[in-house]
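Architecture and fold: a report
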Amino acid sequence: MKKISNKNAQMNISFGWLFAIIVGAVILFLAILLATKVIKIGQSEEQAVGAKEFGILLNPLETGFESASSTPLQLRVETKIYNKCSPSGNFGKQGIQTSELSFNKWSALGVESSFENKYLFSKYPTQGKKFYIFSKPFEFPFKVSDLIYLTSENEKYCFDNAPEDIADELSQINQANLAADCLNADAETIKICFNKNCDIRVYYNEGYVQKGPDTLSFEGDSLMYAAIFSDKDIYECQVERLLKRTKQLAEIYKEKDLLLSPRNCKTDLGADLDLLISNLENAQDYKVISSVSELIEEIKNKNKYADCELW
Amino acid sequence: MVKNKAQMKIQQMAFMLIAVMIFFALVGLLILSVGFSGLKEKATALQEKNAILLVSKLANSPEFSCPEKTNCIDLDKIMALKNNINNYKTNKDKNFWGVSNIEIIKIYPGGKFIECNSESYPNCNTLKLISEKTTGITAENFVSLCRKEYDSENYLTYDKCELGKILVKYEKIQ
């Protein structure tokens, strides 16, 4: 009888231990799961805040009448900035996502932060700890927006035989990763040439940039920089977005023209603005910028010599 | 007797484990709630930062700017923009600038409140460009408000500029 009771006690103890181990393991598993989830949420929160903050910091780059300006951006850790662009809707959308290097591993992409009133040109992705943001207004023929060019300190560019005004502008901007000539360029520096073939060839008078197999059309210096510093897909999408805003602004100027005419303020621009709007509406792709260049020049001159300037 | 004692022990352990699980769950909830309250504050701070930086540069953006002047709002252009404002609304409660209100107020010369619309313009002093939410926190900036005026005595058109304020309202995240 004593023997049986001892056996029962042994069974009870071992069941108790087994129960405690299983439940303990479940608790530990849940605790680890919760902790990893909390860390992941915290990480993606940091990335979302960082992306939003980055977009907000681009607000002061609305330049007014300054020609171009450059600002450095120093981050805490090595970061990849993903420049996302969507052309749908009235203005399209600029998205920014980031991924940070932690313990030698790139974190998953954070929540996308989006803006309708920004146009960012960069590689996809651009990677570094220090970035340079350089902005320049895009006029077509009125100011449409300030274009923002994002480059990392790891990307170095030099401009070989650039036209005088571009070389002067680059010297004036004084951005560490942009050189106005290629005299001291090392092997890693991307060479941008204006009169011979190299990494990037700019056909300045013809209005296009040749980057490997890709040909990117441009109008004006601000779009030339955009074509140089950004990937083809980003460039095409952002130019489409810019043309959408151009159309909206043309509608506003057309209405302003009507508003001013009773005040003895005639501009004779209504028909040209209508033509520009219809050209932009019926455009198949961004290359319409080249086909409307003569109309743009005409509108620009008419506004310059009008009784009242619309812009 | 021994069997009863063992059952008692198992019951004790089960209750203890349930208590430990409830304790961990409560601690987890506390951490999450503290974390998320911080997130709301961060989101509001970001909204505030956006509004302050936006209002300081909004007058220079192409939809607002005067020809050849900085920190100046072209009221004629703004009236045209007001008529096209639906194109700037990207969905139900979002717009191109990402804020809930944009208002322009003439502060000098002063006068009683008259809202600007196609009938009252230019004899008005408050122009509500976007007014999606009536509550929120406001960021403001002083600007010049210019428009074209016709002087019928001297037969010339000139720029009439007055002192004003641009107000941008952003929503506080609850």
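Residues numbered from 1 in each chain as written. Chains lettered and ligands numbered in written order. Predicted model: local features only at pLDDT ≥ 70, side-chain atom pairs only at ≥ 80, totals over all residues.

What follows is about the overall build of chain B. Across its full length, chain B carries two helices and seven strands. Scaling as 2.2 N^0.38, a compact globule of 174 residues should have a C-alpha radius of gyration of about 16 Å, whereas chain B reaches 29 Å, well beyond that. Across its three principal axes, chain B shows a C-alpha extent of roughly 115 × 30 × 25 Å. Taken across its 174 residues, chain B has 28% of its residues classed as buried. Sequence separation of 24 or more characterises 67% of the internal contacts of chain B that already satisfy a separation of 6 or more. (Helix = DSSP H or I, 4+ residues; strand = E, 2+ residues; numbered from the N terminus. Rg over C-alpha atoms; globule rule 2.2 N^0.38 Å. Buried ≥ 20, exposed ≤ 12 C-beta atoms within 10 Å, placed from the backbone. Contact = placed C-beta atoms within 7 Å.)

All names here are of chain A. Running from N to C, helix α4 (residues 232–260) and helix α5 (residues 270–281) point in directions that differ by 155°, and their axes come no closer than 9 Å. The orientation of α4 relative to α5 falls into the category roughly antiparallel. By crossing handedness, the relation of α4 to α5 is classed as left-handed. Counting all contacts with α4, which are made through L243, T246, K247, A250, E251, Y253, K254 and D257, the residues of α5 involved are G270, L273, D274, L276, I277, L280 and E281. A breakdown of the residues in the contact of α4 with α5 according to their chemical character gives seven nonpolar, two polar and six charged. (Axes fitted to C-alpha atoms, helices over the stretch in contact; angles between N-to-C directions. Parallel < 35°, antiparallel > 145°, perpendicular 65-115°, else oblique. Left-handed = near helix turned anticlockwise from the far one by under 90°. Nonpolar A, V, L, I, M, F, W, Y, C, P; charged D, E, K, R; others polar.)

It is worth spelling out the pairing of strand β7 (residues 143–152) of chain A at this point. Residues and elements named next belong to chain A. Among the ten residues of β7, nine are classified as buried, and the element is accordingly described as predominantly covered. One ladder, built from two bridges, connects strand β5 (residues 120–121) with β7; its direction is parallel. Across the sheet, L120 pairs through a bridge with I148, a residue of β7. Relative to β7, strand β6 (residues 126–139) is paired through nine bridges, and the arrangement is antiparallel. Looking at the pairing, K136 lines up with L147 of β7. The hairpin formed by β6 and β7 contains three residues between the paired strands. (Pairing = 2+ DSSP bridges.)

Of the residues lining the interface, 47 residues belong to chain A; the matching set on chain B comes to 42 residues. Listing elements by their share of the side of chain A that touches chain B, those giving two or more residues are α1 (2–57), β7 and α4 of chain A. Looking at the side of chain A that touches chain B, the element that brings in the most residues is α1 of chain A, giving 17 residues. Looking at the side of chain A that touches chain B, its residues break down into 23 nonpolar, twelve polar and twelve charged.

Let's shift gears to the pairing of strand β7 (residues 156–170) of chain B. Residues and elements named next belong to chain B. As paired elements, strand β4 (residues 101–108) and β7 share seven bridges and run antiparallel to each other. Of the residues in β7, the one forming a bridge with N101 is K169. Pairing of strand β6 (residues 137–151) with β7, which is carried by 15 bridges, proceeds in the antiparallel orientation. Note on β7: the bridge partner recorded for E149 is Y158.

Moving on, we get to the environment of N154 of chain A. Residues and elements named next belong to chain A. By the secondary structure assignment, N154 is in the loop between β7 and β8 (157–160). Under the C-beta neighbour-count criterion, N154 is labelled partly exposed, with 14 such atoms within 10 Å. A C-alpha to C-alpha distance of 21 Å links N154 and L58, two positions 96 residues apart in sequence. Setting aside chain neighbours within four positions, we find N154 in contact with Q127 and G128.

The pairing of strands in a sheet comes from backbone hydrogen bonds and takes either a parallel or an antiparallel form. Residue and element names in this part refer to chain A. Pairing is mixed in the open sheet, where six strands are placed in the order β9-β8-β10-β11-β12-β13. The open sheet terminates on both sides in strands that have one partner only, identified here as β9 (178–179) and β13 (214–217). Summarising the sheet, strand β10 (residues 190–193) and strand β11 (residues 200–203) pair through two bridges and their orientation is parallel. Residue pairing in the sheet places I192 in a bridge with I200 of β11. Lying over the sheet, helix α3 (residues 221–229) contacts β10, β11, β12 (208–211) and β13, oriented at roughly 10° with respect to β12.

As a rule of thumb, nonpolar side chains are buried together in soluble globular proteins. Grouped together as the largest cluster of nonpolar side chains are 99 residues, with contacts concentrated most on I148 of chain A together with I73 and V168 of chain B. Looking at this core element by element, the count peaks at twelve residues for α4 of chain A. Those residues in contact with I148 of chain A that sit more than four places away from it in its chain are L58, L61, K118, Y119, L120, F121, I133 and S135 of chain A. (Core = buried A, V, L, I, M, F, W, Y, C linked by C-beta atoms within 7 Å.)

Residues and elements named next belong to chain A. Relative to the helices and strands, N184 is located in the loop between β9 and β10. Classification of N184 as exposed rests on a count of 8 C-beta atoms within 10 Å. Separated by 21 residues in sequence, N184 and N205 have C-alpha atoms that sit 27 Å apart.

Pairs of packed helices are described in terms of their axes, by the angle between the two and the distance that separates them. Residue and element names in this part refer to chain A. Close contact between α5 and helix α7 (residues 293–304) brings their axes to 10 Å; oriented N to C, the two are set at 150°. When the interaxial angle is binned, α5 and α7 end up roughly antiparallel. Of the two possible hands of crossing, α5 and α7 adopt the one that is left-handed. Where α5 abuts α7, its residues D272, L275, L276 and N279 lie against L295, E298, I299 and K302. Of the residues contributing to the contact of α5 with α7, the split by class is four nonpolar, one polar and three charged.

Predicted confidence across chain B gives a mean pLDDT of 86, with 96% of residues reaching 70 or more. In the predicted complex, the global pTM is 0.85; the interface-specific ipTM is 0.81. (pLDDT = per-residue confidence, 0-100.)

Here we come to the sheet that holds strand β1 (residues 72–74) of chain B. Residue and element names in this part refer to chain B. A sheet is described by the order of its strands in space; here five strands give the open sequence β1-β6-β7-β4-β5, paired in mixed fashion. The strands lining the two open edges of the sheet, one partner per strand, are β1 and β5 (126–131). Ignoring which end each strand starts from, the neighbouring axes of this sheet average 35° apart. For β4 and β5, the ladder comprises five bridges, and the chain directions are antiparallel. Bridging from a neighbouring strand, I102 pairs with I130 of β5. Against the sheet, helix α2 (residues 75–83) engages β1, β4, β5 and β6, with an angle of about 55° to β1.

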